[in-house]
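Reading the structure
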Amino acid sequence: MTGAQDGPYNVKAMEANLQSQVDWMKRIETLQLIQEWAKSEKAHSSPVFVNGIHQLRDLIAEQVADIRSSVSKEASHTIAVLANTMKDAAFDPLVDVFLATLLKALCITIEVIAQAADECIQSVLKSSRIGHYAAVPKLLEAYGSRNANLRKHIMEYFTLICNTWNPRSMNRHGVTNHLSKVLLQGLCDASGDVRAMSRKCFWALHAVHQRKALLVFEKLDNATKNKLMEEGGALDLTKLHAHPIEKNLTYNRSASFESRGDSLGEKNISLSRSSSMESRGDSVVARLYQPDYFQNRWQRLAKLKEARELRDCPFAPVIRKFKFKPLKSQGVPMLELDKLALQGPLRKCVSPVNA
């Protein structure tokens, strides 16, 4: 550590010169000095250099957010130089802080700052062949922004990741799983530029992990599917349904039939076992890859429940076979005395029954 303090690359002096109140020209000179230090340490990356850069990490990130475009551009260039010169293990702890500031700089309306930040992020992602996996959570978080330009850049970065990083390492770290979820949102995004970049990302994912891309393709609407096929060509959907479980089942079933030394009973037993295993495999595939599986299952269970209630009902409703005729209202017979009263002068002496 004494060599760094006494030599031309004094960490404490750099730390003092990178403060926000220092003149911007002095800060640019300090950033250029850090670049020279990184290029001189490219061959071995000594612990003194790594510890010094870790100590200056936050101050370098603050320069990216500076309003002055010259300072921000030089800071972005410094981060790109560090990413290309330092080893992956030494640069990985810096990715989280640097990328958070660079993504914020992308949303700035000053074109020079945004372009420098974009080039820096691309350089960071391409600097490692294995991949800086600390960048993936930051990219996923940034895609939730309302800024359509930022979402477009995020899909562009994921396309770059698929084209440059090691596919096996990506699968091991679960990058393809996260990418398939974001890609499904990007293909249905409200912005046309985001959708166009997402379609490019889809074909990049298809080249890395074909099955993940086909699963995303199945969940899209017909218009998006047609757009994808117009740009990239037809897709082989048979590989999606050819599950590894089903391949093993068909192989076991054919092997059981081809064995000539087995008896007929043994063949029937093997056939029943393979059919039961096949039904299990089909149920697993249906549960995992059919989006309306649970909805159909609930409807089927509701119908079974209703049938059971009707079957276990303790009484049976009786339907009347004969309908009763309604009774006609018959008039009250008039008394003889009342008839005489109505005909004669005794009109007011009618009984209350016929009044």
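Labelled according to an unreviewed UniProt entry, the protein chain appears under the name TOG domain-containing protein, originating from Aphanomyces euteiches.

With that out of the way, let us pick up the overall build of the protein chain. Counting its secondary structure elements, the protein chain contains 20 helices and 0 strands. The 355 residues of the protein chain split such that 36% are buried. For the protein chain, restricting intrachain contacts to residue pairs at least 6 apart in sequence, the fraction spanning at least 24 positions comes to 64%.

Turning our attention to the side chain of threonine 176. Turning to its location among the elements, threonine 176 is positioned in helix α12 (residues 175-187). With a relative accessible area of 2%, threonine 176 lands in the buried category. A distance of 3.3 Å separates the side chain of threonine 176 from the side chain of asparagine 171, its partner in a polar contact. Threonine 176 has contacts with Met170, Asn171, Leu205, His209 and Lys212, leaving out every residue within four places of it along the chain.

It is worth spelling out the packing of helix α7 (residues 88-106) against helix α8 (residues 111-126) at this point. Orientation of α7 relative to α8, taken along the N-to-C sense of each, is 150°, at an axis distance of 9 Å. The angle between α7 and α8 falls in the class roughly antiparallel. For the element pair α7 and α8, the recorded crossing hand is left-handed. In this structure, α7 uses Phe91, Leu99, Leu102, Leu103, Ala105 and Leu106 to contact α8, whose residues at the interface are Ile113, Ala114, Ala117, Asp118, Cys120, Ile121 and Val124.

Side chains of Phe294, Trp298, Leu301 and Leu304 sit close together on the surface and give an oily, nonpolar patch of about 450 Å² of accessible area. Position of leucine 304 among the secondary structure elements: in helix α19 (residues 293-311).

Moving on, we come to the packing of aromatic side chains. On inspection of all chains with the given rule, the structure shows 6 aromatic pairs. Where tryptophan 37 meets phenylalanine 49, the ring centres are 5.2 Å apart and the plane angle is 75°; that geometry is what we call edge-to-face. Of this pair, tryptophan 37 sits in helix α3 (residues 24-40) while phenylalanine 49 sits in helix α4 (residues 47-55), and the two are 12 residues apart along the sequence. A relative accessible area of 3% means that tryptophan 37 is categorised as buried. The class of phenylalanine 49 is buried, set by a relative accessible area of 1%.

Between its terminal C-alpha atoms α8 stretches 22 Å, which fits the 22 Å expected from 16 residues at 1.5 Å a residue. For α8, the set of buried residues is Ile113, Ala114, Ala116, Ala117, Asp118, Cys120, Ile121, Ser123, Val124 and Leu125. Contacts from the buried residues of α8 go to α5 (57-64), α6 (69-85), α7, α9 (135-143) and α10 (148-164).

What follows concerns the pattern of salt bridges. In total, this model carries 5 salt bridges according to the counting rule given. We note a salt bridge from aspartate 66 to arginine 27, for which the minimum N-O separation is 2.9 Å. One end of the pair, aspartate 66, is in the loop between α5 and α6; the other, arginine 27, is in helix α3, and 39 residues separate them in sequence. Neither aspartate 66 nor arginine 27 differs from the other in exposure class; each is buried. We note a salt bridge from aspartate 189 to arginine 151, for which the minimum N-O separation is 3.0 Å. Pair noted here: aspartate 189 is in the loop between α12 and α13 (192-208) and arginine 151 is in helix α10, with a separation of 38 residues, a long-range link. Take aspartate 189: its relative accessible area is 11%, and that puts it in the buried class.

What follows is about the environment of alanine 196. As for its position among the elements, alanine 196 is in helix α13. Take alanine 196: its relative accessible area is 29%, and that puts it in the partly exposed class. Spatially, the C-alpha atom of alanine 196 lies 10.0 Å from that of glutamate 231, the residues being 35 residues apart in sequence.

Once that is clear, we can look at the environment of proline 8. Here proline 8 lies in the loop between α1 (2-6) and α2 (11-17). For the pair formed by proline 8 and leucine 33, sequence separation is 25 residues and the distance between their alpha carbons is 8.8 Å.

Take the nonpolar core next. With 72 residues, the main nonpolar core has Ile79, Leu82, Phe91, Leu103, Ile154 and Phe202 as its most contacted residues. No other element matches the 10 residues that α7 contributes to this core. Counting the residues that make up this core, at least three belong to each of domain 1 (8-128) and domain 2 (136-240). Leave out the neighbours within four places in its chain, and isoleucine 79 touches Ile60, Val64, Phe91, Phe98, Leu102, Cys120 and Val124.

About the thresholds
Residues numbered from 1 in each chain as written. Predicted model: local features only at pLDDT ≥ 70, side-chain atom pairs only at ≥ 80, totals over all residues. Heavy atoms only, no water. Helix = DSSP H or I, 4+ residues; strand = E, 2+ residues; numbered from the N terminus. Buried < 20%, exposed > 50% of the residue type's maximum accessible area, 1.4 Å probe, protein only. Contact = heavy atoms within 4.5 Å. Polar contact = N/O pair within 3.5 Å; in protein donor to acceptor, adjacent residues only side chain to side chain. Axes fitted to C-alpha atoms, helices over the stretch in contact; angles between N-to-C directions. Parallel < 35°, antiparallel > 145°, perpendicular 65-115°, else oblique. Left-handed = near helix turned anticlockwise from the far one by under 90°. Patch = residues over 30% accessible without salt bridge, like charges linked within 9 Å, V, L, I, M, F, W, Y side chains within 5 Å. Areas by Shrake-Rupley, 256 points an atom, 1.4 Å probe, with all protein chains shown as cover. Salt bridge = Lys/Arg side-chain N within 4 Å of Asp/Glu carboxyl O. Phe/Tyr/Trp six-rings, centres within 6.5 Å; stacked < 30°, edge-to-face > 60°. Expected span 1.5 Å × (residues − 1). Core = buried A, V, L, I, M, F, W, Y, C linked by side-chain atoms within 4.5 Å. Domains from an automatic or database assignment.

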